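Fold and contact review
Below are the chains, spelled out letter by letter.
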Amino acid sequence: MSTTLRTLTKAVAAVTLAAASTFVMAGEKWDMPMAYNDGNFHTQNAKAFAEAVKVATGGELDIRVHSGGSLFKGSEIKRAVQTGQAQIGERILSAHANESPVFGFDSVPFLATSFEQSNQLMDAAKPTFEKLLSKHNLVLLYSVPWPPGGFYAKKELNSGADMKGVKFRSYNSATARMAELSGAVPVQVEASELSQALSTGVAESFISSGATGYDRKVWEHLTHWYDVKVWLPRNYVFVNKQAWEALDENTQNIVKGLSLMAEKAGTARSEQLAGWYIEQLAAHGMQVGPAGEKLSADFKQIGDTMTKEWLEQAGADGQAILDAYRK
Ligand code: PCA
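Residues numbered from 1 in each chain as written. Predicted model: local features only at pLDDT ≥ 70, side-chain atom pairs only at ≥ 80, totals over all residues. Heavy atoms only, no water.

**Focus: helix H10 (residues 293–326)**
Its 34 residues give H10 an end-to-end C-alpha distance of only 27 Å, which falls more than 12% under 50 Å, the value for a rise of 1.5 Å per residue. Of all the bends in H10, the largest measures some 120 degrees and sits at Gly315. For H10, the complete set of buried residues consists of Leu295, Asp298, Phe299, Ile302, Gly303, Met306, Trp310, Ala314, Gly318, Ile321, Leu322 and Tyr325. (Helix = DSSP H or I, 4+ residues; strand = E, 2+ residues; numbered from the N terminus. Expected span 1.5 Å × (residues − 1). Bend = angle between axes of the 7 residues up to and from the residue. Buried < 20%, exposed > 50% of the residue type's maximum accessible area, 1.4 Å probe, protein only.)

Now the structure itself:
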């Protein structure tokens, strides 16, 4: 039996046991801060997960989702969960690459550019990634990739040189570095602040999936989206280690099983919506399409530089991930 199936079977057994048990546990309430807006597909997926956990535990574990950075801002979520101010949370993984380069494994340019490759890369990275998370007092529940990232701009881009001096919104160290290497000027902006940054001219270009362009209605400010497929960055959901250990084994098994399902369902949703988001950008008047030859070649070159840099920074851990991925 596959690990996935075994965990699911355990979850089903645990649900049955929980339903049959007559003793009453003290109910747990967990706060789950998330950075992205309520309608975003990751947020909707987490809400479905939280609801399933509540039903399957007979209300004994009640996870309350706080979307859009309303409880903790995106940049505060990991620390809040590490220190137990919140029990569970979601964040874009690569935003933590400044703490350890391993957190940036999914944002090495052009390393994994399809959903299939993204899942293979996650499998390859998991042992190293989970070990690192444990050092940060966190337990991984599930992770879901965003659709492939492309370039948003308010003018035609024909080569990397067209990025010179452009104010470029970054959301992690990889997007900031990509901006620098192309001569753009990086400015860190959370997705929840993106519309404002674009309307005030703080930012005029960025890399992201169609999902964020759609969620933030960027057609109000921008005109072009180039399908570069530079990466599929992941959001991940993690629990404070002590909060996790305080759950009984049945509850842990239920949460593990439902986490597997949330990962599968969220990934399927991301893949299903990927093309639809791009259609929406076009339907709202944006020009969408592949990058031209020169632009692609220039970004490939930047990608090569960044891959080299990442490997230097991530050392043996990074190499182990790449070796496992390429097997
Ligand atoms: N959207 C997120 C990160 C990756 C993506 O597709 C954002 O732009 O913040």
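Picking up after the structure, the text goes on.
**Some points on the pattern of salt bridges**
Any two side chains of opposite charge can pair, on the condition that their charged atoms come close. Scanning the model with the defined rule gives 9 salt bridges in all. The partner of Asp38 in a salt bridge is Lys47, with the nearest N and O atoms 2.9 Å apart. Close ionic contact of Lys294 with Asp298 constitutes a salt bridge, the shortest N to O distance being 2.9 Å. Separated by 4 residues within a single helix, Lys294 and Asp298 lie in helix H10, roughly one turn from each other. Given the relative accessible area of 15%, Asp298 is considered buried. Through salt bridges with shared partners, one network takes in Arg177, Glu180 and Glu309. (Salt bridge = Lys/Arg side-chain N within 4 Å of Asp/Glu carboxyl O.)

**Details of the pairing of strand S6 (residues 167–170)**
Of the pairings in the sheet, the one linking S6 to strand S7 (residues 185–188) comprises 4 bridges and is parallel in character. Within the sheet, the bridge partner assigned to Arg169 lies in S7 and is Val187. Once you follow S6 into helix H5 (residues 173–181) and on to S7, the crossover reads as right-handed. Relative to strand S8 (residues 205–208), S6 runs parallel, the two sharing 2 bridges. When the bridges of S8 are listed, Phe168 appears paired with Ser205. (Pairing = 2+ DSSP bridges. Right-handed = clockwise from strand over helix to strand, strands pointing away.)

**A few points about the site of the ligand**
The immediate surroundings of the ligand are formed by Tyr36, Ile92, Trp146, Arg169, Tyr171, Ala191, Ser208, Ser209, Thr212 and Pro233. Within the side chain of Tyr36, one N or O atom sits 3.3 Å away from an oxygen atom of the ligand. A distance of 2.6 Å separates an oxygen atom of the ligand from a polar side-chain atom of Ser209. Calculation on the ligand without its partners gives an accessible area of 260 Å², and the protein chains cover 99% of this total. More than half of the atoms belonging to the ligand lie within 2 Å of the grid points that define the largest cavity. When its residues are assigned to classes, the shell around the ligand shows 6 nonpolar, 3 polar and 1 charged. (Near = heavy atom within 4 Å. Polar contact = N/O pair within 3.5 Å; in protein donor to acceptor, adjacent residues only side chain to side chain. Areas by Shrake-Rupley, 256 points an atom, 1.4 Å probe, with all protein chains shown as cover. 1 Å grid on protein atoms, 1.4 Å probe; cavity = no way out; pocket = protein on both sides within 12 Å on 5 of 7 lines; lining within 4 Å. Sits in = over half its atoms within 2 Å of the grid points. Nonpolar A, V, L, I, M, F, W, Y, C, P; charged D, E, K, R; others polar.)

**Observations regarding the nonpolar core**
Of all hydrophobic cores here, the largest spans 83 residues; its most connected members are Phe49 and Phe151. The element that contributes the greatest number of residues to this core is H10, accounting for 9 residues. Not counting residues within four places of it along the chain, the set of residues in contact with Phe151 comprises Leu157, Met163, Phe168, Met178, Phe206, Ile207, His224, Trp225, Tyr226, Val228 and Phe299. Core analysis: the next-biggest nonpolar cluster, separate from the first, contains 14 residues, Tyr152, Ala197, Phe206 and Leu281 among them. (Core = buried A, V, L, I, M, F, W, Y, C linked by side-chain atoms within 4.5 Å. Contact = heavy atoms within 4.5 Å.)

**Quick look at empty space enclosed by the protein**
One pass over the full model with this rule turns up 3 cavities of 30 Å³ or more. Looking at the largest cavity, its volume works out to about 90 Å³. Contributing to the lining of the largest cavity are Tyr36, Ile92, Trp146, Gly149, Arg169, Tyr171, Ala191, Ser208, Ser209, Thr212, Trp231 and Pro233. Considering the residues around the second largest cavity, the lining is formed by Phe105, Asp106, Ala112, Ser118, Leu121, Met122, Leu232 and Arg234. Element by element, the count of residues in the lining of the second largest cavity is highest for helix H4 (residues 115–135), at 3 residues. A class-by-class count of the residues in the lining of the second largest cavity yields 5 nonpolar, 1 polar and 2 charged. (Points joined across faces, edges and corners; volume = space filled by probe spheres on them.)

**Description of the environment of Ser67**
Locating Ser67 in the fold gives a position in the loop between strand S2 (61–66) and helix H3 (74–82). Judged by its relative accessible area of 16%, Ser67 is buried. Discounting residues that sit within four places of it in the chain, Ser67 has contacts with Met34, Tyr36, Asn37, Asp38 and Thr43. A polar contact is formed between the side chain of Ser67 and the side chain of Asp38, at a distance of 2.8 Å.

**A word on unusual backbone geometry**
Unusually for a residue other than glycine, Asn137 sits at a positive phi of about 65 degrees. Summarising the element assignment, Asn137 is placed in the loop between H4 and strand S4 (138–145). Positive phi, close to 50 degrees, is recorded for Lys229, a residue that is not glycine. Checked against the element boundaries, Lys229 lands in the loop between strand S9 (224–227) and strand S10 (234–240).

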